[in-house]
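Below, each chain spelled out in residue letters.
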Amino acid sequence: MTEVLELSATATERYATVLAGVASRLADRDFIAAEAQLQPIAGERWVGSLRLYASPVAGVPKRLGRSVADRVKAEVFAKDSFRCTYCGGRAVPRCVLVAISDVFPELFSYHPNFARGKIHPAFWALAPEADHVIAHSSGGTNEPSNLTTLHTTCNTRKSSTARSALPPVVIGNHDAAWDGLTAVYPGVVAAGEEHGVRHSSLGYHARWMKYFSDAASRPDVPVGGLP
Ligand SMILES: [Zn+2]
């Protein structure tokens, strides 16, 4: 186990690249190759000071992102081509990361509350949230047009807490097409049925797969990411 206290400036892109390789091997059911791909980041555990907004911190405005329906989140992530609109980096939806964790529960650990010491730092670095552009308290709606994709870390960075724990902003390569690994997601889920443990309730992955597939078939969403 490797304890990770801070995310480096390149962490997001490094994790995205490694996990893209892992996910595609899993979709091919090549568990040995997938584990070899995971090796550079295997066994890392987040021990830094970031906290999910699910546990409110005194003095920090209550976040309302959690009230956004999952179906809408999928639409927002697709609209933004699965990139964080704060740093430009690649995002991988939490459900996809969970599916990888289902296969490798020790090497790529998951905890639903992102508990310190129990979750791989890639969840912080890659999992996006749908954040309100105009705050709910200022009349902003839960419509996709008022929501934007932010990494969990970048969402935290926007607030005043834990800023010192965050890396500087690095603008990612916007030119490269990116789908948040949603195309290989069903294959990873199927791999998890054969090997590993299930972290989620029955139907969780099936629901998210449907949301992504519905979002991808919307005419206003670019196919395969940015042109
Ligand atoms: Zn970001």
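Residues numbered from 1 in each chain as written. Predicted model: local features only at pLDDT ≥ 70, side-chain atom pairs only at ≥ 80, totals over all residues. Heavy atoms only, no water.

A.B. asks: What is the right way to read the side chain of Arg-90 from this model?
C.D. replies: With respect to the secondary-structure elements, Arg-90 resides in the loop between helix 3 (70–79) and helix 4 (94–103). The buried category is assigned to Arg-90, whose relative accessible area is 15%. A polar contact of 2.7 Å, which involves the side chain of Arg-90, links it to the side chain of Thr-17. In contact with Arg-90, other than residues within four places in its own chain, are Thr-12, Glu-13, Ala-16, Thr-17, Phe-82, Arg-83, Leu-126, His-151 and Trp-178. (Helix = DSSP H or I, 4+ residues; strand = E, 2+ residues; numbered from the N terminus. Buried < 20%, exposed > 50% of the residue type's maximum accessible area, 1.4 Å probe, protein only. Polar contact = N/O pair within 3.5 Å; in protein donor to acceptor, adjacent residues only side chain to side chain. Contact = heavy atoms within 4.5 Å.)

A.B. asks: Even after reading the chapter, I still don't get the pattern of salt bridges, so can you show me in this structure?
C.D. replies: Opposite charge on two side chains lets them pair, provided their charged atoms get close. Per the stated rule, a full pass over the model turns up 9 salt bridges. The shortest N-O distance in the salt bridge between Arg-45 and Glu-106 comes to 3.6 Å. With Arg-45 in strand 2 (residues 44–46) and Glu-106 in the loop between helix 4 and helix 5 (121–126), this pair connects stretches of sequence that are 61 residues apart. With a closest N to O distance of 3.1 Å, Arg-71 and Asp-214 form a salt bridge. Linking Arg-71 in helix 3 with Asp-214 in helix 8 (residues 204–216), this pair joins segments that are 143 residues apart in sequence. Look at the salt bridges and you will find they share partners, linking Arg-71, Lys-210 and Asp-214 into a network. (Salt bridge = Lys/Arg side-chain N within 4 Å of Asp/Glu carboxyl O.)

A.B. asks: Sorry if this is basic, but what is going on with unusual backbone geometry here?
C.D. replies: Only a minority of non-glycine residues have a phi that is not negative, and only a minority of peptide bonds are not trans. Although it is not a glycine, Arg-29 sits at a positive phi angle of roughly 60°. The topology assignment puts Arg-29 in the loop between helix 1 (11–27) and helix 2 (31–38). A residue is classified by how much of its surface remains accessible, and Arg-29, at 34% relative accessible area, is partly exposed. A positive phi is found at Phe-114, a non-glycine position, where the angle reads about 55°. Tracing the chain through its elements places Phe-114 in the loop between helix 4 and helix 5. Overall, Phe-114 belongs to the buried group, its relative accessible area being 3%.

A.B. asks: Quick question: what am I supposed to make of the coordination of the zinc ion here?
C.D. replies: Think of it this way: four donors in a tetrahedron around the metal ideally sit 109.5 degrees apart, and six in an octahedron ideally sit 90 or 180 degrees apart. The zinc ion binds to the protein through Cys-84 (SG), Cys-87 (SG), His-151 (ND1) and Cys-154 (SG); the donor distances cover 2.1 to 2.4 Å. Coordination at the zinc ion is tetrahedral: its 4 donor atoms span angles of 95 to 118° at the metal. Judged by relative accessible area, Cys-84 falls into the buried class, the value being 2%. On the basis of relative accessible area, Cys-154 is assigned to the buried category, the value being 1%. (Donors = N, O, S within 2.8 Å, 3.2 Å for Na, K, Ca; no water. Tetrahedral: all angles 85-135°; square planar, octahedral: opposite > 155°, others 65-115°.)

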